[in-house]
Amino acid sequence: MFGFIRQRAACRGNHASSLERGIRATALRTFSSSGKEMTVRDALNSALDEEMSADPKVFLMGEEVGEYQGAYKISRGLLKKYGPERVRDTPITEAGFTGIGVGAAYYGLKPVIEFMTFNFSMQAIDHIINSAAKSNYMSAGQISVPIVFRGPNGAAAGVGAQHSQCFAAWYGSCPGLKVLVPYSSEDARGLLKAAIRDPDPVVFLENELLYGESFPVSAEALDSSFCLPIGKAKIEREGNDVTITAFSKMVGYALKAAEILAKEGISAEVINLRSIRPLDTSTINASVRKTNRLVTVEEGVPQHGVGAEICATVVEESFYYLDAPIERIAGADVPMPYAANLERIAVPQVDDIVRAAKRICYRSH
């Protein structure tokens with residue numbers, strides 16, 4: 001048993017040390033109200049800081065969130081500012097600290113629970129679903145559970161199958177939860193603030209490979225009152241010939257695909273879902289009714305996936321607007337390979353999106 005714990009801790013330590021090399025490459029910066037660029041890491045950190053400052057009921061709990069300042073440095077500086085009562089380091093026991101967090105939410109506190117990877121949330125899934133997600137309904141609205149479960153989700157790079165699963169569809173299928181999937185720095189700031197302020201449990205799925213990415217940030221997004229609506233998608237790029245839906249890191253891939261398609265005379269509309277549950281079906285269907293074609297993109301496996309749900313919704317509501325079959329781009333239906341060459345094949349690539357869009361625009365030859 002103790003050998004397993006040491007092995008698991010070593011695994012996490014090696015994973016974190018590789019992150020630190022990337023962190024050093026993206027040095028800390030301060031941002032003025034004019035807003036130029038901000039990394040996703042800094043966006044999340046600033047959102048946590050501002051919400052903890054504004055509401056003393058908000059606290060952060062998880063492995064290495066305090067003294068180590070977070071395995072991915074999302075909680076950098078928070079222990080020094082708010083102290084160990086509000087930035088609480090825990091042992092390696094997801095079931096334990098998640099259960100404590102849910103109990104604290106029952107009594108009116110607003111916990112933010114960090115998982116070092118969402119794959120480890122399976123250790124705590126009973127608390128997330130049976131205790132957090134269902135309590136408001138089962139108590140006839142008498143119990144609110146204002147808690148956020150956050151951390152990296154999906155594939156990183158070379159971390160093996162046990163650290164690479166996408167849980168968007170898993171948690172998206174559970175009534176009582178809200179499931180958010182930020183892409184850009186504005187997404188990260190605005191959605192995390194919304195999640196912390198929400199009276200219901202929110203699963204907040206980040207992407208490890210996006211933490212060090214920089215994005216333009218508006219002056220509005222840098223205001224401490226900034227908040228994005230939960231359940232509202234964003235049209236990242238307008239187009240007329242084909243709709244591409246994506247979330248998290250795949251939004252960037254979809255935007256790159258749209259640039260390539262534009263050079264070939266195909267105008268792609270890219271929708272950043274931002275929210276898996278609730279899903280903004282109105283924005284998706286309005287776009288499909290304009291473009292008459294749809295490509296869904298996700299890192300997760302295709303069976304019972306987010307793309308499958310979008311396809312069903314579009315067929316139910318906009319079938320007669322479709323001029324071609326819907327294309328689904330998803331990860332391979334296998335556990336994530338460790339080898340870099342196999343890992344790349346198992347995850348959707350920009351070229352996959354381009355080919356799918358060309359096929360349904362009858363431009364594949």
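Residues numbered from 1 in each chain as written. Predicted model: local features only at pLDDT ≥ 70, side-chain atom pairs only at ≥ 80, totals over all residues. Heavy atoms only, no water.

In terms of regular secondary structure, the chain is built from 13 helices and 14 strands. Each principal axis of the C-alpha distribution contributes one length, and for the chain these read about 60 × 50 × 50 Å. On the chain, roughly 16,000 Å² of surface is accessible, and the fraction owed to carbon and sulfur atoms is 54%. Where the 39 positive side-chain charges of the chain centre and where its 42 negative ones centre are 2 Å apart. (Helix = DSSP H or I, 4+ residues; strand = E, 2+ residues; numbered from the N terminus. Areas by Shrake-Rupley, 256 points an atom, 1.4 Å probe, with all protein chains shown as cover. Lys, Arg positive; Asp, Glu negative; His and termini not counted. Charge placed at Lys NZ, Arg CZ, Asp CG, Glu CD.)

The subject of this paragraph is the UniProt feature "domain: Transketolase-like pyrimidine-binding" (unreviewed entry) in the chain. UniProt annotation of "domain: Transketolase-like pyrimidine-binding" (unreviewed entry) refers to residues 38-213 when read in the numbering used here. Split by type, residues 38-213 is 36% helix and 16% strand. Its first and last C-alpha atoms lie 8 Å apart. (UniProt positions renumbered as here; feature names shortened; annotations may be inferred.)

Turning next to the side chain of E269. Note on placement: E269 falls in strand β11 (residues 268-272). At a separation of 2.8 Å, a polar atom in the side chain of E269 contacts the side chain of S287. Here K290 takes part through its side chain, which lies 2.5 Å from a polar atom of the side chain of E269. With sequence-adjacent residues up to four places away left out, E269 is seen in contact with I235, R237, E238, G239, V242, T243, I244, S287, K290 and T291. (Polar contact = N/O pair within 3.5 Å; in protein donor to acceptor, adjacent residues only side chain to side chain. Contact = heavy atoms within 4.5 Å.)

On inspection of all chains with the given rule, the structure shows 20 salt bridges. Ionic pairing is found between K193 and E50, a salt bridge with its closest N-O pair at 2.7 Å. Within this pair, whereas K193 is found in helix α8 (residues 185-197), its partner E50 is found in helix α2 (residues 40-54), the two being separated by 143 residues in sequence. Between K178 and D200 there is a salt bridge, with the nearest N and O atoms lying 3.4 Å from each other. One end of the pair, K178, is in strand β6 (residues 178-180); the other, D200, is in the loop between α8 and β7 (202-206), with 22 residues separating them in the sequence. Overlapping salt bridges, with partners in common, bring together E50, E51, R189, K193 and R197 in one network. (Salt bridge = Lys/Arg side-chain N within 4 Å of Asp/Glu carboxyl O.)

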